[in-house]
Amino acid sequence: MVVNLLERIYEKKPQMTAADQKIAAVILQDPAKIVDLTISQLAKLAVVSEASISRFCRNLNLVGFHQLKIELAQSVEQTKVPAPAAGVDDWQSAIKAIEQNKRLEISGTLANFTTDLAKVIIDQLTSCRLLQVAAEGNTFPVAADAVYRFNQIGILAVADQSPATALAQTLNLTAADTLLVISNSGESKELLKQVKVAKQQQTKVIAITNRNESPLALQADWHLKTVVRQQVLQSEYYFSRVAAMTAVETLFLLMIAQEPQRKELIKRHEELTADMKV
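Predicted model, so just to flag it, every value in this text is computed and none were measured.

*Asks:* Hey, could you run me through the packing of helix H1 (residues 5-12) against helix H2 (residues 18-29) in this one?
*Replies:* Packed helices, taken two at a time, are described by the angle between their axes plus the distance between the axes. For the pair H1 and H2, interaxial distance at closest approach is 11 Å and the crossing angle is 135°. Our classification of the angle between H1 and H2 gives oblique. Here H1 runs over H2; the crossing is left-handed. On the side of H1, the interface is formed by Leu-6, Ile-9 and Tyr-10, while H2 contributes Ala-24, Ile-27 and Leu-28.

*Asks:* Is there a simple way to think about unusual backbone geometry in this case?
*Replies:* The general pattern is negative phi for most residues beyond glycine and trans for most peptide bonds. Positive phi values are uncommon outside glycine, yet Asn-61 reaches one of about 60°. Assignment of secondary structure puts Asn-61 in the loop between helix H5 (50-59) and helix H6 (65-78). The backbone phi angle of Gln-202 is positive, close to 65°, even though this residue is not glycine. Position of Gln-202 relative to the elements: it lies in the loop between helix H11 (189-200) and strand S4 (204-209). Using a relative accessible area of 56% as the deciding quantity, one classes Gln-202 as exposed.

*Asks:* I would appreciate a short explanation of the side chain of Gln-124 in the present structure.
*Replies:* With respect to the secondary-structure elements, Gln-124 resides in helix H8 (residues 115-127). Judged by relative accessible area, which is 14%, Gln-124 ranks as buried. Residues in contact with Gln-124, not counting those within four places in the same chain, are Asp-177, Thr-178, Lys-204, Ile-206 and Trp-222.

*Asks:* How should the sheet that holds strand S1 (residues 131-134) be read in this particular structure?
*Replies:* Note: strands within a sheet are paired through backbone hydrogen bonds, in either parallel or antiparallel orientation. An order of S2-S1-S3-S4-S5 is seen for the five strands of this open sheet, with the pairing classed as parallel. Each end of this open sheet is capped by a strand with a single partner; those strands are strand S2 (157-158) and strand S5 (222-225). Packed on one face of the sheet, H8 meets S1, strand S3 (178-182), S4 and S5 and runs near 120° to S5. Here H11 sits on the sheet and contacts S1, S3 and S4; the angle it forms with S3, its principal contact strand, is near 165°.

*Asks:* Quick question: what am I supposed to make of the nonpolar core here?
*Replies:* Considering soluble globular proteins, one finds that nonpolar side chains tend to be buried as a cluster. In terms of nonpolar packing, the biggest core is built from 33 residues, with Leu-131, Phe-150 and Ile-182 touching the most fellow members. Where this core is concerned, the elements lending two or more residues are H8, S1, helix H9 (140-152), S3, S4, S5 and helix H13 (241-258). Here this core gets seven residues from one element, more than from any other, and that element is H13. Those residues within four positions of Phe-150 in sequence are excluded, and the remaining contacts are Leu-125, Leu-131, Ile-155, Ala-157, Leu-180, Val-248, Leu-251, Phe-252 and Met-255. Counting 24 residues, the second largest nonpolar core, distinct from the first, contains Met-16, Ile-23, Ala-46 and Leu-68.

*Asks:* Would you take a moment to explain the packing of aromatic side chains for this structure?
*Replies:* A full pass over the atoms with the stated rule returns zero aromatic pairs. Taking NZ or CZ as reference, Arg-149 lies 5.2 Å from the ring centre of Phe-252, over its face.

*Asks:* Is there a simple way to explain the environment of Lys-33 in this structure?
*Replies:* Among the structural elements, Lys-33 can be located in helix H3 (residues 31-34). Considered as a pair, Lys-33 and Ala-73 are 40 residues apart in the sequence and their alpha carbons are 9.6 Å apart.

*Asks:* What should I look at first to understand the pattern of salt bridges in this one?
*Replies:* Oppositely charged side chains are able to pair whenever their charged atoms sit close together. Scanning the entire structure with this criterion turns up 15 salt bridges. As a salt-bridge pair, Lys-119 and Asp-123 come within 3.1 Å of each other at their nearest N and O atoms. Highlighted residues: Lys-119 and Asp-123, both in helix H8, separated by four residues, approximately one helical turn. As a salt-bridge pair, Lys-204 and Asp-221 come within 4.0 Å of each other at their nearest N and O atoms. A residue pair is termed long-range when its members are at least 10 positions apart, and Lys-204 in strand S4 and Asp-221 in the loop between helix H12 (215-219) and S5 qualify at 17 residues. Residue class for Asp-221 comes out partly exposed when judged on its relative accessible area of 28%. Each member of the salt-bridge network shares a partner with another, and the members are Glu-7, Glu-11 and Lys-225.

*Asks:* How do you make sense of the pairing of S1 when you look at a structure like this?
*Replies:* A regular strand places its side chains so that they alternate between the two faces of the sheet. In S1, alternate side chains face the same way, and those of Leu-131 and Val-133 on one face and Gln-132 and Ala-134 on the other are all buried. Where S1 lies against S2, two bridges are found, and the strand directions are parallel. In the strand pairing of S2, Gln-132 is matched with Val-158. Read as a crossover between parallel neighbours, the route from S1 over H9 to S2 is right-handed.

Basis of the calculations
- Residues numbered from 1 in each chain as written.
- Predicted model: local features only at pLDDT ≥ 70, side-chain atom pairs only at ≥ 80, totals over all residues.
- Heavy atoms only, no water.
- Axes fitted to C-alpha atoms, helices over the stretch in contact; angles between N-to-C directions.
- Helix = DSSP H or I, 4+ residues; strand = E, 2+ residues; numbered from the N terminus.
- Parallel < 35°, antiparallel > 145°, perpendicular 65-115°, else oblique.
- Left-handed = near helix turned anticlockwise from the far one by under 90°.
- Contact = heavy atoms within 4.5 Å.
- Buried < 20%, exposed > 50% of the residue type's maximum accessible area, 1.4 Å probe, protein only.
- Pairing = 2+ DSSP bridges.
- Core = buried A, V, L, I, M, F, W, Y, C linked by side-chain atoms within 4.5 Å.
- Phe/Tyr/Trp six-rings, centres within 6.5 Å; stacked < 30°, edge-to-face > 60°.
- Lys NZ or Arg CZ within 6 Å of the ring centre and 35° of its normal.
- Salt bridge = Lys/Arg side-chain N within 4 Å of Asp/Glu carboxyl O.
- Right-handed = clockwise from strand over helix to strand, strands pointing away.

In structure tokens, the structure reads:
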């Protein structure tokens, strides 16, 4: 998959130098505006030198500023948000921007599901004795959702929000099991500790993060890259559960597509829990 320039900037921003982060912040604030600027104008906006702009381009594997503008223009066209109609207030503009961001997160995440990668991960999930799903903080709801979904279709899965309990679970994994770790940055020390323990026990590891170069991604046997686009105050972005949820739900639905009889397991579970509803 060819990753557009904006996606590369989002992915690499947390690991950028201070100067590169300043340049990235200016670009992400208004990508379309940058296309019409000169290198000196961008340097002035970012309060850096022109040499810093050139280094920024090289760090993104671009030949120079001209290529940055070309690829940025292409990215802007791909991610363009329609202008709000006359009379629409700022709330509607914000809602429209959020909608577009969520569409990009879902489409970008699904684009990373190559056939070969999806097949090998699903084969691993369907053949393992036990699946442990690990996540921390605001990502844990994704892990909880994954455990619910996979158990519904006959995949024995566990998770725990306590790092100590989660590590104790990992200590019981074997070569017949699988560890699925979910993290935005892919840099969690606790999750890396779990991966290290799992590897020592010959347990296969699947990672879902939004950076290919993250420590968790590099340690995993298989990595699914998510795409996060939500911005706050025009310059910062935070982890969106939509992308990670999309990755988990896609695996869930593909497993059902591969084995339609799994729908009967869902039906049985829903029948048994029907008396819990009004």
